[in-house]
Amino acid sequence: MVETIQWTADGVVMIDQTKLPREIVYVTCKTYEEVADAIVTMVIRGAPAIGVAAAMGVAIGVLKADPANLDAEFERICTMLARTRPTAVNLFWAIDRMKALYATLRGRQVEEIRAALVREAEEIKVEDIAINRAMGSHGAPLIPDGRTVLTHCNAGALATAGFGTALGVIRAAIDSGKKIDVFADETRPFLQGARLTAWELQQDGIPTTLITDNMAGYFMRQGRIGCVVVGADRIAANGDVANKVGTYSVAVLAKENGVPFYVAAPVSTLDLTLDTGDRIPIEQRNSREVTEVFGVPVAPEGIAVQNPAFDVTPSRYVTAIITERGVARAPYEESLARLAKG
Ligand code: MRU
C-alpha cells in the first residue's frame with residue numbers, strides 16, 4: 001500500500017497528491033514552514049493525514065528551533081501549523097497532543113525534548129494505521145455482500161497514515177470475503193475521487209467505477225448502490241458530519257432511495273465542544289479551482305464563484321458512524337459521548 005507520509009532523517013517525506021495519478025512524486029519538507037505549505041497546497045490532505053503532518057511539522061520545527069528561545073518558537077510553530085486549514089479537527093487534535101507533551105517536558109535538556117516530540121509524531125502515525133484497521137473490523141459487517149459501495153472524495157490510505165477510514169472499511173469487508181465493488185464520485189472541484197480514490201483502489205485491484213458527482217442519484221434510483229461509506233473532517237456532538245462538499249447531496253439522495261449512509265472516522269474527528277454542525281468552520285478555497293481544470297479556464301472570465309471545500313450533513317441522514325471503538329447510532333449525543341469516553 002502507498003506510503004502517504006514518512007518521518008526520515010532528511011525531513012518529512014510525502015507523496016505529492018496534487019500530481020497523482022499522472023506522476024508519482026515525493027516531496028521532502030525540511031522545515032515546519034514547508035510542512036505548513038504542503039498542507040495549504042494539498043500536497044497532503046485528508047483529515048487524519050494532515051493531523052500526522054502537523055505533528056511531524058511541530059517535531060521538525062523544534063529540531064531546528066533555537067534552544068535559547070524554545071518556548072516562543074514552539075508557540076510560533078504550532079500557531080503557523082494551526083492556520084493551514086480550518087475544518088478538519090484532527091489537525092488541531094494533533095497539535096494539542098504535541099502541546100500537551102511539550103508541557104510535560106519543561107526543564108528537560110533540549111535533545112531530550114526533541115527526541116520525545118519526534119517519537120510522539122511517529123507514534124501518532126503508527127496509531128492512525130491501527131485505528132483505521134480497527135474501524136475496518138467494526139465497519140466490515142455493515143457492508144452488504146455482493147453489492148456496490150458508493151464513496152465520495154478520498155478517505156483512503158492517501159487521506160490517512162495508511163489503510164484509510166471509508167476505504168479501510170471497504171478493504172476490511174473485502175478481506176473478510178465479501179464480494180463488493182466501488183463507485184467513486186469524481187468529487188469536483190479538486191477531483192480527489194477521480195485522481196486519488198480511483199488510483200488507490202485500482203492499485204489494490206479493487207473493482208472500481210468512476211462516476212461524476214451528478215450521476216450518484218441516477219445509480220441509486222436504479223437500485224445499483226448497496227450502501228454509501230464516506231469519511232469525515234469534523235463531527236459535532238449531535239452527529240452532524242462535515243465532509244467534502246457534495247457529501248450532503250449524496251446523503252439526502254441515499255435517504256430518498258433507502259440506501260444506508262455510513263460515516264467512518266476516528267474518535268479524533270469528534271468535536272464534542274460543538275453542539276451542532278452549524279458551528280463547524282467551513283474552508284473557502286480559491287475560485288480558480290472552480291473556474292479552471294488543470295490550469296485551463298472552463299468559465300467566462302470575471303464570473304462570480306463560490307468554493308466551499310466542505311458541507312455539513314445533518315445527523316438525521318446518517319445511518320451510523322463507524323469509529324475504532326465501535327459503531328455509533330442515533331441518538332448521537334449519547335452514543336458519541338459514550339465512544340469518546342473510551
Ligand atoms: O479537502 P480534502 O481533500 O482534505 O478533504 C478530505 C475529505 O473531505 C475526506 O473525506 C475527510 O478528510 C476524511 S479522510 C479519511
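Calculation criteria
- Residues numbered from 1 in each chain as written.
- Predicted model: local features only at pLDDT ≥ 70, side-chain atom pairs only at ≥ 80, totals over all residues.
- Heavy atoms only, no water.
- Patch = residues over 30% accessible without salt bridge, like charges linked within 9 Å, V, L, I, M, F, W, Y side chains within 5 Å.
- Areas by Shrake-Rupley, 256 points an atom, 1.4 Å probe, with all protein chains shown as cover.
- Salt bridge = Lys/Arg side-chain N within 4 Å of Asp/Glu carboxyl O.
- Helix = DSSP H or I, 4+ residues; strand = E, 2+ residues; numbered from the N terminus.
- Buried < 20%, exposed > 50% of the residue type's maximum accessible area, 1.4 Å probe, protein only.
- Arc of directions from axis to C-beta.
- Near = heavy atom within 4 Å.
- Polar contact = N/O pair within 3.5 Å; in protein donor to acceptor, adjacent residues only side chain to side chain.
- Nonpolar A, V, L, I, M, F, W, Y, C, P; charged D, E, K, R; others polar.
- Domains from an automatic or database assignment.
- Contact = heavy atoms within 4.5 Å.
- Buried area = accessible area lost by both parts, 1.4 Å probe.

Visitor: Can you help me understand a nonpolar patch on the surface in this one?
Guide: Residues Val-293, Phe-294 and Val-298 make up a contiguous nonpolar surface patch of about 280 Å² in total accessible area. By secondary structure assignment, the location of Val-293 is in strand β12 (residues 292-293).

Visitor: In this structure, what is going on with helix α9 (residues 247-256)? I would like to understand it.
Guide: Counting along an α-helix, one turn takes 3.6 residues, and residues three or four places apart therefore face a common direction. Thr-247, Val-250, Ala-251 and Ala-254 are the residues of α9 that are buried. Around the axis of α9, the buried residues are gathered within 100° of arc, so they sit on the same side. Just past α9, the residue Gly-258 takes up positive phi, approximately 70°.

Visitor: Could you clarify how one ought to interpret the site of the ligand in this entry?
Guide: In the region of the ligand, 19 residues are neighbours, and Arg-45, Arg-85, Gln-192, Asn-243 and Lys-244 sit closest. Ala-47 is positioned such that a nitrogen or oxygen atom in its backbone is 2.9 Å from an oxygen atom of the ligand. Within the side chain of Asp-233, an N or O atom sits 2.8 Å from an oxygen atom of the ligand. About the coverage of the ligand: the protein hides 100% of its 420 Å² of free accessible area. Secondary structure elements with two or more residues in the shell around the ligand: α2 (47-64) and β9 (241-244). Tallied by class, the residues present in the shell around the ligand amount to eight nonpolar, seven polar and four charged.

Visitor: Please explain the domain arrangement of the chain as it appears in this structure.
Guide: A common measure of how large an interface is: the accessible area buried when the components associate. Domain parsing of the chain yields domain 1 (5-133) and domain 2 (136-341). The interface of domain 1 with domain 2 comprises 30 residues on the first partner and 34 residues on the second. For the pair domain 1 and domain 2, the summed buried area comes to about 2700 Å², and 57% of that belongs to carbon and sulfur atoms. The tally of links from domain 1 across to domain 2 stands at one salt bridge. Here Glu-283 makes a salt bridge to Arg-85, at a shortest N to O gap of 2.8 Å. Counting across the interface, domain 1 meets domain 2 through 19 residue pairs in polar contact (both at pLDDT 80 or more). Among the elements of the structure, α2, α4 (89-104) and α5 (110-139) are those that each provide at least two residues to the side of domain 1 that touches domain 2. At six residues, the largest contribution of residues to the side of domain 1 that touches domain 2 is made by α5. Looking at the side of domain 1 that touches domain 2, its residues break down into 17 nonpolar, six polar and seven charged.

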